[in-house]
Each structure stands twice: as structure tokens, then as C-alpha cells.
Protein chains: 2
Amino acid sequence: MFGKHGMNSQFAVLGSAKDYMLASSAVFRRQQFLIRSLGGYTDQSQQKIMQQTKALGGTALEADAEHILRAITPPLDRSKHKGQAGMVAVIGGCREYTGAPYFAAISALKIGADLSHVFCTKDAAPVIKSYSPELIVHPVLEESYSVRDEDKQSISMKVFAEVVKWMERFDCLVVGPGLGRDPFLLVCVSEIMKHARKCNVPIVVDGQSMWFGLSADSTSGLFQDGLFLVTNNLDLVSGYSLAVLTPNVNEYKRLVEKVLNCEVKEQDAYEQLLSLAKGIGGVTILRKGKSDLISDGETVKSVSIYGSPRRCGGQGDILSGRQVSIYDFLLKHVAVFVSWARERLSAAEGDSSISKINPTILGSIAGSALLRKAASLAFQNKKRSTLTGDIIEHLGRSLEDICPAS
Amino acid sequence: MFGKHGMNSQFAVLGSAKDYMLASSAVFRRQQFLIRSLGGYTDQSQQKIMQQTKALGGTALEADAEHILRAITPPLDRSKHKGQAGMVAVIGGCREYTGAPYFAAISALKIGADLSHVFCTKDAAPVIKSYSPELIVHPVLEESYSVRDEDKQSISMKVFAEVVKWMERFDCLVVGPGLGRDPFLLVCVSEIMKHARKCNVPIVVDGQSMWFGLSADSTSGLFQDGLFLVTNNLDLVSGYSLAVLTPNVNEYKRLVEKVLNCEVKEQDAYEQLLSLAKGIGGVTILRKGKSDLISDGETVKSVSIYGSPRRCGGQGDILSGRQVSIYDFLLKHVAVFVSWARERLSAAEGDSSISKINPTILGSIAGSALLRKAASLAFQNKKRSTLTGDIIEHLGRSLEDICPAS
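Residues numbered from 1 in each chain as written. Chains lettered and ligands numbered in written order. Predicted model: local features only at pLDDT ≥ 70, side-chain atom pairs only at ≥ 80, totals over all residues. Heavy atoms only, no water.

## Side note on the UniProt feature "binding site: (6S)-NADPHX" (unreviewed entry) in chain A
All names here are of chain A.
Next up, step 1: As annotated by UniProt and renumbered to match this structure, "binding site: (6S)-NADPHX" (unreviewed entry) occupies Gly-178, Asn-248, Val-249, Asn-250, Glu-251, Tyr-252, Lys-253, Arg-254 and Asp-317.
Next up, step 2: By the secondary structure assignment, Lys-253 is in helix 12 (residues 249-260).
Next up, step 3: For Lys-253, a relative accessible area of 38% translates into the label partly exposed.
Next up, step 4: For Lys-253, the residues in contact, after removing those within four places along its chain, are Glu-263 and Val-264. (UniProt positions renumbered as here; feature names shortened; annotations may be inferred. Helix = DSSP H or I, 4+ residues; strand = E, 2+ residues; numbered from the N terminus. Buried < 20%, exposed > 50% of the residue type's maximum accessible area, 1.4 Å probe, protein only. Contact = heavy atoms within 4.5 Å.)

Put into C-alpha cells, the structure is as follows:
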């Protein structure tokens, strides 16, 4: 029932793929367009792309990002009811960090998701709620300081149950923003990720504590029984084709060191990213930079629009200088776009040329392009004083410019 | 003293209806206009309307919503003192949900209510207060987790007393937004609703937990003595002509199943709505959709303005796509308009043709029309990134466009 990229028949709401395509030439054209936009991401042409990539000395093919964005963004439709344009959940936010999960959650709404949930610690909830009444904030996570050792097992089960009861309603999960490094909290979140994976829910993973696990120091004495010991959280996503990682510079460096046992080599950027994604079992990695690079271990795509050198002085400064916050909310775009891409592709499940398209690649390209445009617009307005919130305020107009709602 | 729709002489502040009408031809014209706006909602013509409705294969009559809105919105008058343009109370907001009661309360102020109170749990109050200093927020409700079993009775009495002491000042109550599903909390709120009904205060009811009661599971062990056991909260509103229900798609489906023992049939939408409202003893039901349908079991009205297909791509998405939040604050409009309609009609209590007009129908039509216009304007500005707050920001201008303040 589940295809390569975890699509199942529940998405094929309009009947069999062929019927649907025959019935709707517009949809058919859109799907064909998707293939062309990706430079022919099909069985037959895959090898050719890889050859081209190699022939260019590792130069990735620039994705037709705006077209992909248009192709996967669902048309507005009055017959839809709540949740059909996407329901996303952010697992993040602790006593110390509350901004990142807010940015992640609100940016999803700003591009048109229907509902955005945040699951955070009890301390973080009132603060995140107060940023916006538009979010649904669940104060369910617990940190070590508020939990006695003997209660850990029962509390972790309770936390798990509180989140998991919502799982089937979510189109995508964002795990990590503002989660901190509390071992108990991370262990609880690991269990939630395992469940999401079982349910085939796409996961956008943020935060190095989620990828590198906990050091022996931080866990010793806390989980002596080893019941919950997480030695390597990369296992949580490894081999899961619906996972997207969006590392910042340092996190990327650590990933390369850990998985490929070498240093980051800028001259081999494409091939190294390809190897890294393959090394983590085909997850999608979005590497932010002057050009954003995206790979799932089979292909590498780049997104360079809205990044001319002239504008990019400031934009680049924003994109790299304020990397963490940009990444934090970028994640959310990717999550929404991944869920949209998945729904769009699922209608053509029976078509082998289309079912090979990876929705996490499409979603990452769309998210990257939109963020670059919004950051560019925000910088034009606010210059040096551009904050994350300013970029979020430009998401709507950016999307409207590329893909008008009506 | 109490008329069919619960109007009593306290509203006839300007003397007997006939004196008043003779003294003020403007008011008389306005009342006559009300009757015409409703397509002649009088004793004589009621049967004719129903015949017309049936003759059209169940097609409801489109209400002259803008005219009704103008007819019931009170003129601004500097001689009035605070509270005379409406004082509304929202009973809702718990640890988990704070946005919905905020939207309900602030939107009442945005269309001109004098004061807007929120009665919520202690956890929710600081958050709701932080959204806006304009609201009066009472942290008086309690959830099970903070109450010992042996204290439940005394605490529920205390909660009841805290809310009820304000009751006579309220022109309308909105019960349910963000109330959650805590059994103890719902039981306390049920008692408040019973009191509001005794006091003839209109109630706009939101949230399926308020309509369908608590399952045996959720109450067993909590109220073993059966003292507070609520088996069916529909009883709380059934037969109360001053109650308005505004179900979303799923809630409407459940209501139809429960009350009419059948599935929702779109081809019989009008008649089914009529039967449903009649089945709940003549409450008013506002069913949101491409056209909003409103019935009190005696008539069905539709509101379709500001819903052209062209604009409605987004508007439809907003109105149906983000249903809960839209309904949550729509409720509040309805509440304010119901209280205004009631006041407007009460002046003509002695006139049989006017006293038959149901203020909850008028209020629902006006609230529906205003929301549709505000959503339409917000969408023109914000497109896909339109959030509930954006629509609220357009309420004032929408009302001003339809019914200028001066």
C-alpha cells in the first residue's frame, strides 16, 4: 500500500490515478510539468542526470524552483474543509527556548497551512501561546528538572500518549526547534519520532541534539538502566525517505565528520552532499548557502534564485549570519511543502514516472525558493534591522508573487 | 412578561411600543424595513414563505443581510453610557486552548460591543490577558487536574457563584470556545448555562463537547454520585429559542446523526436544517458553507453575499478551511448582533407582526454577512497568508462599509 516515498492510497481521493489523469488534463499537464521542472526526475532519465551532474564536475542542476512551487501549492478551493491544506506539528520549545518553535509554527500558517500545533514543555507553553493566538500549543513535554527518576518511565509514556493521539491528523512533523538538550526530553521526543516514522508522517528534523544523540556524560546517571539510552539519534531518521534534515554550517560539518569521516570540502560540495544523504540511508538534506543544495542520495539539486551578488550582500548576511533562526522557520516551510508535494504526487501513484519523484526533494526546493524570496524582500525593506519576524511577514507576498491565489 | 423569543419589558425602555412608534417614525420605518428585509417574516406571510421555499425544491430565501445588519446595528449615541451597546461574556479557555476565546471576545469589541468578558481557567487567564489589554479576563474556571474529588462540589459552587454574579449584566453569552473536554469543567459550565437560560440571556454555543455531552468513560469515577452527570448537553439548549448553534462540518454531521438519525443530505440541505432546528426545540442553527444557512425550525434563510467564486477561492478556503477559528470568532458577532436585534425588536413588543421576528435569526444573518465581508476583504489583502487575526482586523471597516457610523 505504501509506495517508495510513503504515499498510500488514502491520498488518492479522486479515484485511480489513471482515471484521474484522463479526467483532468490540467492535473496531467501539471504532473508532466513537475517532471520537466525537476529536469526529468524519472527512471529513464535518472542516469542521464547523474551523468550530467558528473560531467559538470559535480555541478548540480539548478531546479526550476518557482515552477515546482507553483506545481505543488494546492489551489484554493472552497469545498475543502479544515485540515485539507495541511496540518503540521512542531515538537519543540522548552524553558530556555521559545522563539524557534513559534517561528516554525507561525510560518506554516503564513503560507497557507490550515492548522499549526506546537508540543512544548509546560514552561514554554504560556510564552509561545502569548506570541500568537493563532497557534494551538500543547504544554505536554517535561524536562528532567521537574521529573523524579522513579517517575520517568510513567511520565515518558504519558508524554508519548499525549502527542501520539494527534499523530494521524498531522501531514508533517517538525522536530527540534528550541528543544534544548535535556536528556529526558530528547528521549521522549525520540519515541515520538519513531512513532511518526511508523505512521509514515514526514519529519523535518532540526537541532544537532536530535542528530548526534546525547553524550555519555549527559546521560550517565540519568538512564543507568539503559532503557531509554539514545546513542545515536541519526538512527531515528536513517533510511527514512520522508525525513528532511536542514543543518546549519556547524551541524553540517559534524554530520560530514560523523557519517563520511572526513572534512567538508567545498570543491566537492555536490558529491559530498550526495554521499552524506546516501550515507544516512536516503534522507533528504537541505544545505543552506549562497546556493541552497538539496540531495536525497540519488540526485542533487540547487536553488540559487533571489540570490544575485548585488542583493545578496545583505541577504547573504541574513541567510548565513542569522542562520539558526532562518533555518528554524525554514523548516516549517519545507514541512508544509513536503506535505503538499506528497498530496500532489499521490494522485499519480499508478504512474511509474511520477511515483519516483521524491516529495521531500520537491518540498525542500519550494521551501528554499520561498525563503530566499521572502528574505530578499524583507531585506529590501528593513536592511540591517531585518529580523526573522520580518521575513515571516514577507512569506505571504512572496508566495503570492510566485503563485497567485486567484 | 416574556414573549416568544424571551423579550421582556426591561428592554422597552422608551415606554410602550405604540407610543414609541408614534413618537419616532424613523424607528417605525426601521422596524417595517426589518419585516421586509426578512421577506415578510410575519404571521400572515409565514405560510407563503414556506410554500415558496418548498416550491423551490428546498431553496431557502436569501436574506437581505446588509439591510438587516443596518437595521439592527444601534446608532452611535453620545448620551448612551457604557454597556448600552452590548456587554458580552465568553465562557471558554483552558490550559490547552486560549486563542479561540480571545478571538471570540476581541471580535465583539471590534464591531462595537462596549465590554467583553472572558471566563476561563486560571492557567489560561494570563495568556488571554496578554493577547489584549482590552478584555476583562476572569480566571475562575477549574479543571479536574487541579481539584481533589472531595472538593469538587464546593469548587463547582464557587465557580458558579463567580460567574453568575455578573449574569444580569450580560446581553449575550458565548459558551464553548477553547473550553476543552475536561469533565469537571464542562459540568460547571453546564450549570452556568442553565442559569443563563433561566435569566433569558441569549447563548451562542460552540464546541461539540457542549452539545454531545460526556461519554460514560470520561465521567465515570469523577461524578459517581451522579449529581453532576451530564449525559446529553443538547438538553441544555433544547427548546431554548435564544440559543444559537454554529456547528462546523463534523459537528453538523454528528448533530444530524444524533437528532435526525440519518446522514447529511446536501440535496435536502434546507429541509434537513429546518428539521434539525425543529428537532432541538427551535434553537437557531447557523450552518456555514458556500452559502450560510440559518434556521430556527420555522424558517430557513441563506446568506450568500460576498461569496463570488472569484473572490471566494481564498475566502472559501478561509471560511471553511480554517473553520474552527472562524466559527469561534463568528460566534461572537452573532452574540453581539443577537443582543442588538433583541433590543431593536423589544421596542415593538406590542406589535404582533414584529414580536414574531426571531432575534437569533436576525443576529445570525447579520453576523454571517459581516464575517463574509471581512473575510473577503482580508483575503484581498493577505491572500493565502490570511489568518484569523487578519479577518478580525477587517471587521470594523466591513461594518463601516455596510453601516456607516456617521
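Moving on from the coordinates now.
## So, the pattern of salt bridges
Residue and element names in this part refer to chain A.
Next up, step 1: Applying the stated criterion to the full structure yields 28 salt bridges over all chains.
Next up, step 2: The salt bridge involving Glu-191 is made with Lys-194; its shortest N-O contact spans 3.1 Å. Of this pair, Glu-191 and Lys-194 both sit in helix 8 (residues 183-198), 3 residues apart, which is roughly one turn of that helix.
Next up, step 3: On the basis of relative accessibility, which here comes to 41%, the residue Lys-194 falls in the partly exposed class.
Next up, step 4: A salt bridge links Lys-373 to Asp-401; the shortest N-O distance between them is 3.7 Å. In this pair, Lys-373 sits in helix 17 (residues 359-382) while Asp-401 sits in helix 19 (residues 395-402), placing the two residues 28 residues apart along the sequence.
Next up, step 5: Linked through salt bridges whose partners overlap, the residues forming this network are Arg-148, Glu-150 and Asp-151. (Salt bridge = Lys/Arg side-chain N within 4 Å of Asp/Glu carboxyl O.)

## Re a positive patch on the surface
Next up, step 1: On the surface, Arg-169 of chain A together with Arg-181, Arg-254 and Lys-258 of chain B cluster together to form a positively charged patch.
Next up, step 2: Along the chain, Lys-258 of chain B turns up in helix 12 (residues 249-260).
Next up, step 3: For Lys-258 of chain B, a relative accessible area of 35% corresponds to the partly exposed category. (Patch = residues over 30% accessible without salt bridge, like charges linked within 9 Å, V, L, I, M, F, W, Y side chains within 5 Å. Areas by Shrake-Rupley, 256 points an atom, 1.4 Å probe, with all protein chains shown as cover. Lys, Arg positive; Asp, Glu negative; His and termini not counted. Charge placed at Lys NZ, Arg CZ, Asp CG, Glu CD.)

## Some points on the confidence of the model for chain A
If pLDDT is low for a region, its predicted coordinates should not be looked at in detail.
Residues and elements named next belong to chain A.
Next up, step 1: Confidence in the prediction of chain A, expressed as mean pLDDT, is 76, and 68% of residues score 70 or more.
Next up, step 2: Considering only residues more than four positions removed or in separate chains, one finds that residues 39-46, a stretch of pLDDT under 50, has 20 contacts.
Next up, step 3: Scored below 50 in pLDDT, residues 308-325 makes 32 contacts in the model with residues more than four places away or belonging to other chains. (pLDDT = per-residue confidence, 0-100.)

## Some points on the packing of helix 17 (residues 359-382) of chain B against helix 19 (residues 395-402) of chain B
Residue and element names in this part refer to chain B.
Next up, step 1: For the pair helix 17 and helix 19, interaxial distance at closest approach is 8 Å and the crossing angle is 120 degrees. The interaxial crossing formed by helix 17 with helix 19 has right-handed handedness. Touching Leu-370, Lys-373, Ala-374 and Leu-377 of helix 17 are Leu-395, Arg-397, Ser-398, Leu-399, Asp-401 and Ile-402, all from helix 19. (Axes fitted to C-alpha atoms, helices over the stretch in contact; angles between N-to-C directions. Left-handed = near helix turned anticlockwise from the far one by under 90°.)

## Overview of the packing of aromatic side chains
Residues and elements named next belong to chain B.
Next up, step 1: A complete count under the given rule lists 10 aromatic pairs over all chains for this structure.
Next up, step 2: Seen from their ring centres, Tyr-102 and Phe-103 are 5.6 Å apart, and the 50 degrees between their planes marks the pair as tilted. The exposure classification of Tyr-102 matches that of Phe-103, with both residues buried.
Next up, step 3: Pairing Phe-337 with Trp-340 gives two aromatic rings, centres 5.4 Å apart and planes at 80 degrees, and the pair type is edge-to-face. (Phe/Tyr/Trp six-rings, centres within 6.5 Å; stacked < 30°, edge-to-face > 60°.)

## A look at the pairing of strand 3 (residues 115-121) of chain A
All names here are of chain A.
Next up, step 1: For strand 3, the buried fraction is high: 7 of the 7 residues fall into the buried class.
Next up, step 2: By the bridge criterion, 5 bridges tie strand 2 (residues 87-91) to strand 3 in an arrangement that is parallel. Within strand 3, the residue paired with Val-88 across the bridge is Ser-116.
Next up, step 3: Crossover handedness for the path strand 2 to helix 5 (residues 99-110) to strand 3: right-handed.
Next up, step 4: Bridge count between strand 3 and strand 4 (residues 136-141): 5 bridges; the pairing is parallel. Counted as the bridge partner of His-117 is Ile-136 from strand 4.
Next up, step 5: Regarding topology, helix 6 (residues 124-131) serves as the crossover connection from strand 3 to the parallel strand 4, and that connection is right-handed. (Pairing = 2+ DSSP bridges. Right-handed = clockwise from strand over helix to strand, strands pointing away.)

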